Each structure stands twice: as structure tokens, then as C-alpha cells.
Amino acid sequence: METKTKTAGDQTQTKSLHISGAEAVVRCLLAEGSDIIYGYPGGAIMPIYDELYKFQDQLHHVLTRHEQGATHAAQGFARTSGKVGVAMATSGPGATNLVTGIADAQIDSTPMVCITGQVASHLLGSDAFQETDIIGISTPVTKWNYQITKASEIPEIMAKAFYIARSGRPGPVLIDITKDAQFETFDFIYKKCTGIRSYSPYPELSSADLKQALKLIDQAKNPMVVWGQGVILGNAEEEFKIFLEKSGIPAAWTILGLSALPTDHPSNRGMVGMHGNYAPNLLTNQCDLLIAIGMRFDDRVTGDLNTYAKQAKIIHLELDPAEVNKNVHADVALLSDCKISLRELNKHIKTKTYPEWIARFDALDKIEYEKVIESDLFPKKEGLTMGESVEMINKYSNNDAVIVTDVGQHQMVACRYAKFSQSKSNVTSGGLGTMGFALPAAIGAKMGAPHREVVAVIGDGGYQMTIQELGTIFQQQVAVKIVVLNNDFLGMVRQWQQLFFDKRYASTEMVNPDFVTIAQGFRIKGKRVEKREELDAAVKEMMASKKPYFLEVCVEKEDNVFPMIPTGASVSDIRLE
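Calculation rules
Residues numbered from 1 in each chain as written. Predicted model: local features only at pLDDT ≥ 70, side-chain atom pairs only at ≥ 80, totals over all residues. Heavy atoms only, no water. Helix = DSSP H or I, 4+ residues; strand = E, 2+ residues; numbered from the N terminus. Buried < 20%, exposed > 50% of the residue type's maximum accessible area, 1.4 Å probe, protein only. Contact = heavy atoms within 4.5 Å. Phe/Tyr/Trp six-rings, centres within 6.5 Å; stacked < 30°, edge-to-face > 60°. Lys NZ or Arg CZ within 6 Å of the ring centre and 35° of its normal. Arc of directions from axis to C-beta. Domains from an automatic or database assignment. Buried area = accessible area lost by both parts, 1.4 Å probe. Salt bridge = Lys/Arg side-chain N within 4 Å of Asp/Glu carboxyl O. Polar contact = N/O pair within 3.5 Å; in protein donor to acceptor, adjacent residues only side chain to side chain. Pairing = 2+ DSSP bridges. Axes fitted to C-alpha atoms, helices over the stretch in contact; angles between N-to-C directions. Core = buried A, V, L, I, M, F, W, Y, C linked by side-chain atoms within 4.5 Å.

Chemist: An account of the side chain of N346 is requested, with residue identities and associated values reported.
Modeler: If you trace the backbone, N346 turns up in helix 14 (residues 338-348). Since its relative accessible area comes to 11%, N346 is described here as buried. Not counting residues within four places of it along the chain, the set of residues in contact with N346 comprises E239, I242, F243 and K246.

In C-alpha cells, the structure reads:
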């Protein structure tokens, strides 16, 4: 006899239900509101897949073509939906193939639960077929992991997994389940996790620190904000916008913070970091107050720490105590969910303007436009540029698409020139820099936001790392738009070789296949653009399509991305050419 106290998706407890561990896993997923999962079956997880077959009307499983693709798809789903992404794989190589995506999710704070099958518990440690210590392997790159050897453990551990993945600073959790635990039966009871002793994911905001921060803001003559993904993860976009408009402080973003504020908002002064905008990078070392919101002072943002913002007072709004004073000393740390911190700041900050300070941004913006941006977006040379390709996507998406990027020159160009009108619109691999991320992540991003256009902008190198996921797009008929900016090089590495290794292009030139024919082999319409006069019509056709579409744009082979801060240099050493 089965008695339910709540329905699936809001279920906290089920009584008198004697089921297998495998069925319990599926019921736990349903109780946590999961309706889409990504994975690849195999022997050690077959019992769970057998139960998925029985529940397929409630839980849609997406068969990716590689386990790495499953994790990136789960990441893309999490980033656009705001939910926990779920990926599944079998033991051994199936489990180890998840690791890259798990590491990517860890450093980019993406909530994800990965479930792996494992050999039977009596075989653990015996080097059985497809046995791998995935707990030991994944420990450094997960927020939490656990191996289940008894079916009775499943409800509590699964509940903890989802709670840990989504609470506080989000991250990936891995649950490894032995095959005998999947077969074993027990009396299933499910209760959602609402707290764990010794785990405090939300620090309480200090009123003394808040007062000190307000004092520094009031005293500042040339203040500046740098925001990161914490604004998006904290659902604090509205509070952040109010803070900027009331305070009058100019703000710049890290690549993971992109889209938290509309591109055309007057407070938005562009990107900081290695290929960021000229003004915010230079003025980082001229401001008298730097307010960091939900960002971690990554080395690609700071450059040489010995010269980074030494003249400025630092206020750091951060949820994770481990990030405070890790790289840059904070004069005041507001440890809390940034939605709460910003709300409290907004109650007390004074309305101000900084006309002379803003004028310095404007003057530097003009220099960058004349030296870099104009030739990127409106080139006079014959060859196509990555910048004009991204600008054409803006034109036909009305600045409202989700842009998913891989890693490399195309990523930096897309982040610099893509225009956004709403949050959760930029999906990219930030901290880990994973080539092969974009194509499977775009699948998940579209499933997480089916009402939005999703465009994957990818380089020819990273595209080929997970090109097999075209099969997933074909089977699932996911209407993603795929744009490969093809320069026949591993472009970012080639740029470094040109600038710092005397043009010794060691193993960076690509001999590429016929990408359009490959797409057509998966029944995906494809087109190749080589001339400027072809670009407008091709992008228009792609964006109008209701089905998956592949577009290859052949761009200049040896174009470089500027501005650029050389590795280890000061942000003040930013180069425009």
C-alpha cells in the first residue's frame, strides 16, 4: 500500500512503499523536481535505467553521445533554468568521462548532481571489470560526494545531494551507487533536506560591516563596481540594478557576470580581464574604491596581484568565506547572499553622480572604439571578422538570445560584442576553460529555456572535441543554432605564439573537415559563408529557422583579439594592438 503526503516535485514523504534502490533513485529525482536528465547507460547503472524506462512519461532522459556531453548539457540546463542539472553514467570509464564537466561546474559554481553506477559492493577494491574509485577521483572537484552501498541510504543521501548542490554557493555533487544497492529492496521514505549540521551555507550579514561599507561608499570620489556570477546565482539582478542607479557608480563585469545587467544600461562599462575593455581595466588602478560583488578575483581579472588596485579601498560582497582575502585583501567584507547585502545597502546609500569620473570612462571608451572596436565590427578589409559575425547575431536575435560559447578567441569576441537584454543569457566555461563545452551546453541551455533562442558560438578547434553531440541534437530535435567561427587555427594559442613565441605556430594550424557535410549527415541544415555579402542573409535564415541549424563562418586566419593584458602583467599594461 502506498500513501503520499505530497505530489511529485513537492514530495517530502512516502510511506509503506517497498521498492528497489533503483526505483528509489528515480522517485527521489521526481521528488526534487527533476524532469530532464542527461546520461549514458552501462552495466553498473542498468537497474536505474530500467526504472527510468518505466517512468519515462514523468522524467525525460536525454541520451548524449559521450558522458562529458551529459555533464556539459546538465550545466547548460542549470545555467538557463536556475534548477539543478542532473547527469548519469555507468562505472569505470563512464564515471571518469564525467570528471571534466564536474570540474567545470565546481569552479563555475554550477548546481549539478551526478549519479554513477558502481560494481557490486563485494567487488569493491578487487579491480573488477569497469571498477574505478570515482569517489577518490572526484573528491577534489566536487562540493560533496558519497558512495551508497545499501539501498536504505538512497533517500537521505539523494536529498542531501540536491540540498548541497543548490544551497549557498552552488556546485556539483556526485553520488556513486553500487549495483547490489540498486537491486536491493527496502521500505522507501523520502524527506527533503532543509539543513545539515555543521553546514551553514548562508552567513549572516554583519551590521557593523554594513555601516563601514556605507561609510567608504559615501567617502569615495572615484568608485567602481566589478560584478560576477554571484549576482545571477543570488537572483539579485533587480537589487543590483537599483544599487547602481541609486549610487551612480560605474560597473564592469567578469565573463560569468555578463548579462546580469542589460548591455545598454548606462552603468554598464564593459568587461574586465585579459581581453576586457580598455576603460574598466585601466581605471581599476585609478579608482579610490573598488566594490566587488559576487566575484572571486580570478587571475584573468586581476593580472599581477602586486599591482592590482593598490590605491583603492576594497569592499567585497561574497557568500563564500573562502573567497574573501584569498587573492585580494578586502577592507570590508559583506559576507552574505548578495541579494540581502545589496538590499541593505540600497536602504541607506545616497543618490550621487560622478560626472568627471564617468568622463574618464567615456574618453577611454572612445580610444578603444577607434583603435579596436570599429575595425572588429565594421572592417574595411576583405576577410570576415569574428566581431561582425557576433554583431550580425545581435541584429537578428534582437539582443535577446542565449549565447553559449566554448573557449578561445571566439569566446572573448562573443563576450565583448554580444548584447543582452535579460539575465541568464551568457553560458560559457569560465574558470576551467573547457574546449568542447559549448555544443552540449547549448543542448541543455535550450532545454532549460525552451522559449528562448539559443546560439552556440564555437571555434573550429573546440567544436571538434564534442562534435558527436550533433547526434544528440538530431535525436532530440533541439532547435539550437550552431555558429562555427572557422579560422583553421587553434586561434587563442596561435595568438600567443605570434605575440610571445616569434610566430612559431607549433601544432596550432588545423586541417578541418567539411563541417557542413557533417551537419547534413545528422539531418541538420547547414551553410558555409566565406564572403561578407553572404553573412547577413545566412544569419537571418538561421535565426528564422525553427529547427537545428549549422552555420560555418570562415573568418580571417590570423586575426587577434584586442585589447589584451599579457599573462602576469598589470591591468594597467593593457595593449590595444
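Chemist: Account for the packing of aromatic side chains, with residues named and values stated.
Modeler: Under the criterion given, the structure shown has 12 aromatic pairs. With a centroid separation of 5.5 Å and an interplanar angle of 75°, the aromatic rings of F489 and Y505 are classed as edge-to-face. Of this pair, F489 sits in the loop between strand 20 (481-486) and helix 21 (491-500) while Y505 sits in the loop between helix 21 and helix 22 (515-521), placing them 16 residues apart in sequence. The cationic tip of R494 hangs over the ring face of F489; the distance from NZ or CZ to the ring centre is 5.7 Å.

Chemist: Which residues make up helix 23 (residues 532-544), and what values go with them?
Modeler: Since the α-helix advances by 3.6 residues per turn, residues separated by three or four positions end up pointing in the same direction. When helix 23 is considered as a whole, its buried residues turn out to be L535, A538, V539, M542 and M543. Along the long axis of helix 23, the arc covered by the buried residues comes to 125°, so they all point the same way. Projecting away from the buried face of helix 23 at angles above 90 degrees are the exposed residues E533, A537 and A544. Contacts made by the buried residues of helix 23 are with helix 16 (386-397), strand 19 (454-459), strand 20, strand 21 (525-529) and strand 22 (549-554).

Chemist: Break down the domain arrangement of the chain for me, citing the residues and quoting the values.
Modeler: Domain assignment breaks the chain into domain 1 (5-196), domain 2 (207-361) and domain 3 (378-554). Facing 18 residues of domain 2, the contacting portion of domain 3 comprises 19 residues. Here domain 2 packs against domain 3, burying approximately 1,400 Å² in sum over the two surfaces, 59% of which is carbon and sulfur. The largest per-residue losses of area from domain 2 upon contact with domain 3 belong to I255, S259 and H275, which jointly make up 38% of the total buried on that side. Inspection of the domain 2/domain 3 interface yields 0 salt bridges. In this assembly, domain 2 and domain 3 are joined by 9 residue pairs in polar contact (both at pLDDT 80 or more).

Chemist: Please set out the sheet that holds strand 19 residue by residue, giving values where relevant.
Modeler: In space, the 6 strands of this open sheet follow the order 18-17-19-20-22-21, with parallel pairing throughout. Two strands close off the open sheet at either side, each with one partner strand: strand 18 (426-428) and strand 21. Recorded for the sheet is a direction-independent mean angle of 15° between the axes of neighbouring strands.

Chemist: Explain the nonpolar core to me, using residue names and the numbers behind them.
Modeler: Membership of the largest hydrophobic core comes to 101 residues, with the highest contact counts inside it found for F243, I293 and L345. With 6 residues, the top contributor of residues to this core is helix 15 (residues 355-377). Summarising the domain contributions, this core has at least three residues from each of domain 2 (207-361) and domain 3 (378-554). Formed by 48 residues, the second largest nonpolar core is a distinct cluster that contains A95, A445, Y463 and F550.

Chemist: With reference to specific residues and values, describe the sheet that holds strand 7 (residues 112-118).
Modeler: A sheet is described by the order of its strands in space; here 6 strands give the open sequence 5-4-6-7-9-8, paired in parallel fashion. Since the sheet does not close on itself, it has two edges, and those belong to strand 5 (60-63) and strand 8 (144-148), each with one partner. Between one strand axis and the next, the sheet turns by 20° as a mean value, whatever way the strands run. Where strand 7 lies against strand 9 (residues 172-178), 7 bridges are found, and the strand directions are parallel. Within strand 9, the residue paired with I115 across the bridge is I175. Across the face of the sheet, helix 2 (residues 46-54) comes into contact with strand 4 (36-39), strand 5, strand 6 (85-89), strand 7 and strand 9 while running at roughly 125° to strand 6. Of the strands in this sheet, strand 6, strand 7, strand 8 and strand 9 are in contact with helix 7 (residues 154-166), which crosses strand 8 at around 165°.

Chemist: Any details on the pairing of strand 7? Residues and values, ideally.
Modeler: Across the 7 residues of strand 7, 7 count as buried, placing the element largely inside the fold. Here strand 7 shows no split at all, with M112, C114, T116 and Q118 on one side and V113, I115 and G117 on the other all buried. Alignment of strand 6 against strand 7, held across 5 bridges, turns out to be parallel. Considered in strand 7, the bridge of A89 is made with T116.

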